Amino acid sequence: MKLRIKFSKHGVLRFIGHLDVMRYFQKAIRRAGIDIAYSSGFSPHQIMSFAAPLGVGLESNGEYMDIVVNSLTSAKELTDALNAQMADGIRVLEVRLLSDSAGNAMASVAAARYTVAFREEYQPPFLTEPVIADFYGQNEIMVTKKTKKSESTFDMKPYIYACSYNEENNTIDMTVDASSAGNIKPALVVKAIYDYKNQAFDEFGLLITREETYTNVGTAKDIQLKPLGYVGSVY
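Observations concerning the pairing of strand S8 (residues 160–166)
For step 1, the next point in the chain: Judged from the six bridges that link them, S8 and strand S9 (residues 171–177) form a sheet pairing that is antiparallel. If you follow Cys163 over to S9, its bridge partner there is Met174.
For step 2, the next point in the chain: Joining the antiparallel neighbours S8 and S9 is a turn of four residues, in which Asn170 adopts a positive phi near 55°.

Observations concerning unusual backbone geometry
For step 1, the next point in the chain: At Ala52, a residue that is not glycine, the phi angle is positive and equals roughly 40°.
For step 2, the next point in the chain: Mapped onto the fold, Ala52 is located in the loop between strand S2 (48–50) and strand S3 (59–68).
For step 3, the next point in the chain: The exposure class of Ala52 is buried, given its relative accessible area of 17%.
For step 4, the next point in the chain: Positive phi outside glycine occurs at Asn183, with the angle close to 50°.
For step 5, the next point in the chain: Residue position: Asn183 is located in the loop between S9 and helix H5 (186–196).

Focus: the packing of aromatic side chains
For step 1, the next point in the chain: The tally for this structure, following the rule as stated, stands at nine aromatic pairs.
For step 2, the next point in the chain: Ring geometry for Phe154 and Tyr159: centres 6.1 Å apart, planes at 75°, overall edge-to-face.
For step 3, the next point in the chain: In this structure Tyr159 comes out as partly exposed when scored by relative accessible area, which is 31%.
For step 4, the next point in the chain: Three or more aromatic residues joined by ring pairs form one cluster here, namely Phe7, Tyr24, Phe25 and Phe50.
For step 5, the next point in the chain: Just above the ring of Phe204 sits the side chain of Arg119; from NZ or CZ to the centre is 4.2 Å.
For step 6, the next point in the chain: The side chain of Lys157 reaches across the aromatic face of Tyr136, ending 5.1 Å from its centre.

Side note on the pattern of salt bridges
For step 1, the next point in the chain: One pass over the full model with this rule turns up eight salt bridges.
For step 2, the next point in the chain: One salt bridge in this structure joins Lys6 and Glu212, with 2.8 Å as the shortest N-O distance. In this pair, Lys6 sits in strand S1 (residues 2–9) while Glu212 sits in strand S10 (residues 206–216), placing the two residues 206 residues apart along the sequence.
For step 3, the next point in the chain: The partner of Glu63 in a salt bridge is Arg210, with the nearest N and O atoms 2.8 Å apart. Here Glu63 is found in strand S3, whereas its partner Arg210 is found in strand S10, with 147 residues between them in sequence.
For step 4, the next point in the chain: For Glu63, a relative accessible area of 4% translates into the label buried.
For step 5, the next point in the chain: Classification of Arg210 by relative accessible area gives buried; the value is 5%.

Conventions adopted
Starting from 1, residues in each chain are numbered consecutively following that chain's sequence as written. Given that the model is predicted, a residue must reach a pLDDT of at least 70 before its local features are reported, and side-chain atom pairs must reach 80 or more before they are shown or counted; all residues, however, enter totals for whole chains, interfaces and linings. To obtain the side-chain values, all non-hydrogen atoms of the structure were included, while hydrogens and water were left out. Strand pairing is defined by DSSP finding a minimum of two bridges between the two strands. Here a strand is any run of E in DSSP of at least two residues, a helix any run of H or I of at least four, and the numbering for each starts at the N terminus. Note on classification: 1.4 Å probe, protein chains only; a residue is buried when its accessible area is under 20% of the maximum for its type, exposed when over 50%, partly exposed between these limits. Think of it this way: a Phe, Tyr or Trp ring, Trp meaning its six-membered ring, pairs with another when their centres are within 6.5 Å, and the plane angle makes it stacked under 30 degrees, edge-to-face over 60, tilted otherwise. Two thresholds decide whether a charge sits over a ring: the Lys NZ or Arg CZ must be within 6 Å of the ring centre and within 35 degrees of the ring normal. Salt bridges are identified by distance alone: a Lys or Arg side-chain nitrogen within 4 Å of an Asp or Glu carboxyl oxygen.

Next up, the structure:
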């Protein structure tokens, strides 16, 4: 049986990388006595895949991983068994049963929703709801994206599905493309906002939380975003 597990990641554990998170779950699954399936071959490993691994330093309320199990009593029992093994900072929120035809978590990712807060000394006084509305209302948002091997300039506007400012919490809320083809980082959007206002930008001042990870149940032209757990069922 294929299962999709939703979990959160907060506190000091936000500083551990993806490979450490994977090893953490492998050990937690063994300690919890989960009847997980293993790959065949000379060096068997737990059948497990993660959706859009989170960057180091980011917190999340919407991380997903897929596993395959040989047997399962109930989703609640599995959730409780895993949470009994969790350290402070990671908690299993939901377990869904997937159909055999469901795509894996990583290949299913289309977008992610983020909340961007600011460290107290980095709170930008120029940010207001009208400023963000004007920024997002532009016909195009040209940015330069740098990687280890290349640098490219492109219009980011089609890859931002929503962007607004919450004046009550002093946060920027955004939903952006998180697919392998797009993969827009929230810091790149915030930098574009600073550039729009001709302000100096320091990424260290950002406190970023991924709120949800989405799949597209529509088409490329008619995008309909649903949480990754939407494709599963309660067991």
